[in-house]
Amino acid sequence: MTSPVVAPDAHTRFESLYLEHYRSIYSYVRRRVHDGPADCDDLVADIFAVSWRRLDEVPSPPEERLWLFGVARRRLLEHHRHQGSRSRLLTRLAAQPTPDGPALTSSDPVHLRLREALGELRPLDKEVLLLVVWDGLTHAEAAAVLGCSVNAIALRMKRAKSRLRGALRRPPSFSSTDTSPACMTIKETP
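Right, let's walk through the structure included here. (Residues numbered from 1 in each chain as written. Predicted model: local features only at pLDDT ≥ 70, side-chain atom pairs only at ≥ 80, totals over all residues. Heavy atoms only, no water.)

### Some remarks on the environment of R159
Phase 1 of the analysis: With respect to the helices and strands, R159 occurs in helix α7 (residues 150-169).
Phase 2 of the analysis: Overall, the relative accessible area of 28% leaves R159 in the partly exposed class.
Phase 3 of the analysis: Excluding anything up to four places from it in sequence, R159 contacts R122 and D125. (Helix = DSSP H or I, 4+ residues; strand = E, 2+ residues; numbered from the N terminus. Buried < 20%, exposed > 50% of the residue type's maximum accessible area, 1.4 Å probe, protein only. Contact = heavy atoms within 4.5 Å.)

The structure is reproduced here in structure tokens:
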């Protein structure tokens, strides 16, 4: 069986797309997949495989970045649907002490507290907050990724920040020595 002939410009376009956006797509996926680096690597590979198969549908710059974020978001939703029970099991196992030492989860109290507070947010509010704050997307870019209006993003951001502040003000469910509100402040964006 012979492989299909692909135009050299398609290879160049895909290589450019991959090199320019790999790091941001990998970071986006890594922050949302807690199953381990191997699952993250597989998901990112799937995302770029989709972009290769649908290369003629990929918009031109700068919209190509948002298109990739949209593909990544849909792939992550599918991943979480299929891996829900597996993820819960791995989380429980990671919290158990290992024969070689303590649990595999982070013991940094600020990290634990922030993760707990983020877990209390509604999924869409959390997604908007992560896209804008951690992935560095503008409100317009986040709106394109999530398929909603810029006003909806602004409203979700306001709501998410308010809920996150409220969650951070409540006492943590774990014991720690340094959970002062000063080290967990969420800065307002204009």
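From this point on, the discussion continues.
### A look at the packing of helix α6 (residues 139-146) against α7
Between two packed helices, what matters for the description is the angle formed by their axes and the separation of those axes.
Phase 1 of the analysis: At a minimum axis distance of 8 Å, the contact between α6 and α7 shows a crossing angle of 105 degrees. One element, α6, and the other, α7, form an angle in the roughly perpendicular class. Together, H139, A140, A142, A143 and L146 of α6 and V150, I153, A154, R156 and M157 of α7 make up the contact between the two elements.
Phase 2 of the analysis: For the contact of α6 with α7, the residue count by class is eight nonpolar, one polar and one charged. (Axes fitted to C-alpha atoms, helices over the stretch in contact; angles between N-to-C directions. Parallel < 35°, antiparallel > 145°, perpendicular 65-115°, else oblique. Nonpolar A, V, L, I, M, F, W, Y, C, P; charged D, E, K, R; others polar.)

### Side note on the pattern of salt bridges
Phase 1 of the analysis: Evaluation of the coordinates by the stated rule reveals ten salt bridges.
Phase 2 of the analysis: For the salt bridge of R32 with D135, the shortest nitrogen-to-oxygen distance reads 2.9 Å. Of this pair, R32 sits in the loop between α1 (8-30) and α2 (37-53) while D135 sits in the loop between α5 (123-134) and α6, and the two are 103 residues apart along the sequence. The same class applies to R32 as to D135, namely buried. (Salt bridge = Lys/Arg side-chain N within 4 Å of Asp/Glu carboxyl O.)

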